[in-house]
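Here are the chains, one letter per residue:
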Amino acid sequence: MKFYFSSNQFPQLQTFDFRSRQQIINLATAKLSPLAKFVLNLLKMAILIPPFFMLANVESWYFLVPLVFVLVGYYIVLRPLSLLFIDKHLDKAIGQFESENS
């Protein structure tokens, strides 16, 4: 199980430009089962809600600290987690993308 931090790290997507990769990722995300989407959204909420509660309780410029946690949490944890979930649907999504755009 390999963690990908960006869509250009997938070997299957190396030949596609950025816009095409994003379309393929959207197609693969649409192929997720409802249970997988539910679990993924629960994990996202579990990571994002605590820093936002911290933001709501801070009245000075210290609100930047939880804001940094949210940004780091998204790029270090949530994005690779989302890409991990769609990995098994990527080949089907590429096939669908190529058939739609040919």
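Everything quoted here is computed from the prediction, not taken from an experiment.

Thresholds applied
Residues numbered from 1 in each chain as written. Predicted model: local features only at pLDDT ≥ 70, side-chain atom pairs only at ≥ 80, totals over all residues. Heavy atoms only, no water. Axes fitted to C-alpha atoms, helices over the stretch in contact; angles between N-to-C directions. Helix = DSSP H or I, 4+ residues; strand = E, 2+ residues; numbered from the N terminus. Parallel < 35°, antiparallel > 145°, perpendicular 65-115°, else oblique. Left-handed = near helix turned anticlockwise from the far one by under 90°. Contact = heavy atoms within 4.5 Å. Nonpolar A, V, L, I, M, F, W, Y, C, P; charged D, E, K, R; others polar. Phe/Tyr/Trp six-rings, centres within 6.5 Å; stacked < 30°, edge-to-face > 60°. Buried < 20%, exposed > 50% of the residue type's maximum accessible area, 1.4 Å probe, protein only. UniProt positions renumbered as here; feature names shortened; annotations may be inferred. Core = buried A, V, L, I, M, F, W, Y, C linked by side-chain atoms within 4.5 Å.

(A) Seen up close, the packing of helix α1 (residues 18-30) against helix α4 (residues 90-100). Between α1 and α4, whose axes approach to 8 Å, the crossing angle comes to 120°. Taken as axis vectors, α1 and α4 run oblique relative to one another. In terms of crossing hand, the pair formed by α1 and α4 is right-handed. Across from S20, Q23, I24, L27 and A28 in α1, the residues of α4 making contact are L90, A93, I94, Q96, F97 and E100. Its residues assigned to classes, the contact of α1 with α4 shows seven nonpolar, three polar and one charged.

(B) Geometry of the packing of aromatic side chains. Tallied over the full model, the rule gives two aromatic pairs. Taken together, a centroid distance of 5.8 Å and an interplanar angle of 80° make the contact between F16 and F97 edge-to-face. Here F16, found in the segment before α1, pairs with F97, found in helix α4; they are 81 residues apart in sequence, far enough to count as distant. For the pair F16 and F97, a shared accessibility class is recorded, and that class is buried.

(C) Highlighting the UniProt feature "transmembrane region" (unreviewed entry) in the protein chain. Mapped onto this numbering, the UniProt entry gives "transmembrane region" (unreviewed entry) at residues 38-55 and 61-78. For residues 38-55, helix accounts for 100% and strand for 0%, while the C-alpha atoms at its two ends are 25 Å apart. Across residues 61-78, helical content stands at 83% and strand content at 0%; the span's end C-alpha atoms are separated by 26 Å.

(D) Molecular detail of the nonpolar core. Formed by 19 residues in total, the largest nonpolar core has its most connected members in L13, I24, I86 and L90. Those elements giving two or more residues to this core turn out to be α1, α2 (34-57), α3 (64-86) and α4. In contact with I24, not counting residues within four places along its chain, are L13, F16, L90, A93, I94 and F97.

(E) Region of interest: the side chain of H89. Note that H89 resides in the loop between α3 and α4. Not counting chain neighbours up to four residues away, the residues in contact with H89 comprise A28, K31 and L32.

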